[in-house]
There are 4 protein chains.
Amino acid sequence: MTSREEKASRMFGCSERERALFEAGVKMGAVYHQFVGTPVSPYNVAELEKTIEHSVMVQPFVESASVNIKINMNDEKKDVYDYVSLKGEMIDAVIRIKVNGVSVTAEMRYLEELEYPLMYVSDVSQ
Amino acid sequence: MTSREEKASRMFGCSERERALFEAGVKMGAVYHQFVGTPVSPYNVAELEKTIEHSVMVQPFVESASVNIKINMNDEKKDVYDYVSLKGEMIDAVIRIKVNGVSVTAEMRYLEELEYPLMYVSDVSQ
Amino acid sequence: MTSREEKASRMFGCSERERALFEAGVKMGAVYHQFVGTPVSPYNVAELEKTIEHSVMVQPFVESASVNIKINMNDEKKDVYDYVSLKGEMIDAVIRIKVNGVSVTAEMRYLEELEYPLMYVSDVSQ
Amino acid sequence: MTSREEKASRMFGCSERERALFEAGVKMGAVYHQFVGTPVSPYNVAELEKTIEHSVMVQPFVESASVNIKINMNDEKKDVYDYVSLKGEMIDAVIRIKVNGVSVTAEMRYLEELEYPLMYVSDVSQ
């Protein structure tokens, strides 16, 4: 029987190495657009980081995912409005993808000099 | 000094009881539209439930939140595609709101006879 | 035959008036958590406003929806990074709900003095 | 003055061709995770398709975007519950990315034989 991965693989008109880069991009887009907007405070930030990491890990070809959210808030809650919505600018992420021996490391980081939360490929190795 | 809650409260053209119902609705809409689409499998489902609950808890006037996700999957992962995207139909939620002595219990549940994930108010008490 | 609305209605443990307030909250939570994060620039902002309005209009009991997004950007695109992700702070929304003769007007607006995008009920009438 | 694109470009530890593949993936992940969950019916489906396309177009390096949503509903609305939440399975998308002369075509399509909404690269050319 043909496995799902064999069927999926046939759809790709590019090399395995190129596919690994594409898969890395998909995961980065998912992190940003799934979770931006989530209510977050010191109370739930560590748990949210883990949840984002693990929601990446269940997707295909992910070796590891590390997410760090910078919310710059005091631990003591001032009032009921003292929380924020997750913004892309708060997210630092590193995701490692492996497709048939090709490893890609992708990162998301807010770059002050760009005023932009850049997603980029920091390493590809085979 | 006027607190943020006093300022917010003045914006409402309705009773405290009515506000409690509105707040309950806001939280239900947030659960659905923030998290539907999240990749989930037996590996991360329990953590995702907790994360949704706690993202509700950080919002104003929430007393408690309980989320149950039904994914109907085997624990053993068949292949890399063996996970799902969270759908509204999979979510059971119960959220309790309290605004100035008024308690509202709201629920979300997929109702087979409606073929619809209904959000409703199961109780209001004062 | 019992209509879906009759079946849904039976699930509610509150008055029609209270249900109208709950429904208003649901729609507000949906606007925020569905669309925050969407890439937006002067090129697509007017269309996005309409799309958010109409995604509210397809939901139950909505009479009207008006959305205004303030992005504070120049029409001329400086470079490929010259766009933003929709944030709650940018959204002004007015939604009118009607359930069995009860009309509720709910609004979302970023309030500088709260430093918070408040969702509130501005009017209830019967 | 160094442009934002020059600064961004320096962050990448891969070829331009590989970057184009990564960028294609990012856009696909964004389409899925931003818009899944949106309320949709025959009333707003054509507009939502355009809005998704244009939200892709405002992002960097996108040449074109084409989105088709299959909702399988009758034009006539039966009752207030007669709409759906956008699911990944309903989305057909084709996105064309161009980075420094490299063109990538990526597609998203629900494949019955995979029971999975696959995102894949259908073409890379230089």
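For the structure itself, look to the data block above.
Residues numbered from 1 in each chain as written. Chains lettered and ligands numbered in written order. Predicted model: local features only at pLDDT ≥ 70, side-chain atom pairs only at ≥ 80, totals over all residues. Heavy atoms only, no water.

Student: Whenever I open this one, the relation of the copies chain C and chain B confuses me. Can you help?
Tutor: Superposition record for chain C on chain B: RMSD 0.0 Å, screw rotation 180 degrees, translation along axis 0.0 Å. Seen this way, the second copy is the image of the first under a two-fold rotation axis. Interface overlap between copies is the fraction of interface residues in one copy that are interface residues in the other; for chain C against chain B it reaches 100%, indicating a shared surface. (Least-squares fit on C-alpha atoms with pLDDT ≥ 70 in both. Contact = heavy atoms within 4.5 Å.)

Student: Quick question: what am I supposed to make of the sheet that holds strand 5 (residues 102-111) of chain D here?
Tutor: Hydrogen bonding along the main chain pairs the strands of a sheet, whether they run parallel or antiparallel. All names here are of chain D. The antiparallel open sheet is built from 4 strands, whose spatial order is 2-4-5-6. Each end of this open sheet is capped by a strand with a single partner; those strands are strand 2 (62-69) and strand 6 (116-125). Adjacent strand axes in the sheet meet at a mean angle of 10 degrees, parallel and antiparallel pairs treated alike. When strand 4 (residues 91-99) meets strand 5, the two strands line up antiparallel, connected through 7 bridges. Considered in strand 5, the bridge of arginine 96 is made with threonine 105. Those strands touched by helix 3 (residues 45-57) are strand 2 and strand 4, and its axis lies near 155 degrees from that of strand 2. (Pairing = 2+ DSSP bridges. Helix = DSSP H or I, 4+ residues; strand = E, 2+ residues; numbered from the N terminus. Axes fitted to C-alpha atoms, helices over the stretch in contact; angles between N-to-C directions.)

Student: When you look at the interface of chain C and chain B in this model, what are you seeing that I'm missing?
Tutor: Buried accessible area, meaning the area lost when the parts come together, often serves as the stated size of an interface. Listed per partner, the contact involves 33 residues of chain C and 33 residues of chain B. Between chain C and chain B, the buried area comes to about 3,000 Å², and carbon and sulfur atoms account for 66% of it. The largest per-residue losses of area from chain C upon contact with chain B belong to Met11, Phe22 and His33 of chain C, which jointly make up 22% of the total buried on that side. Applying the counting criterion to the chain C and chain B interface returns 2 salt bridges. For glutamate 18 of chain C, the salt bridge goes to arginine 17 of chain B, with nearest N and O atoms at 2.5 Å. Linking chain C to chain B there are 10 residue pairs in polar contact (both at pLDDT 80 or more). Looking at the side of chain C that touches chain B, the elements that each hand over two or more residues are helix 1 (4-10), helix 2 (16-35), strand 5 (102-111) and strand 6 (116-125) of chain C. The leading source of residues in the side of chain C that touches chain B is helix 2 of chain C, at 12 residues. Its residues assigned to classes, the side of chain C that touches chain B shows 20 nonpolar, 6 polar and 7 charged. (Buried area = accessible area lost by both parts, 1.4 Å probe. Salt bridge = Lys/Arg side-chain N within 4 Å of Asp/Glu carboxyl O. Polar contact = N/O pair within 3.5 Å; in protein donor to acceptor, adjacent residues only side chain to side chain. Nonpolar A, V, L, I, M, F, W, Y, C, P; charged D, E, K, R; others polar.)

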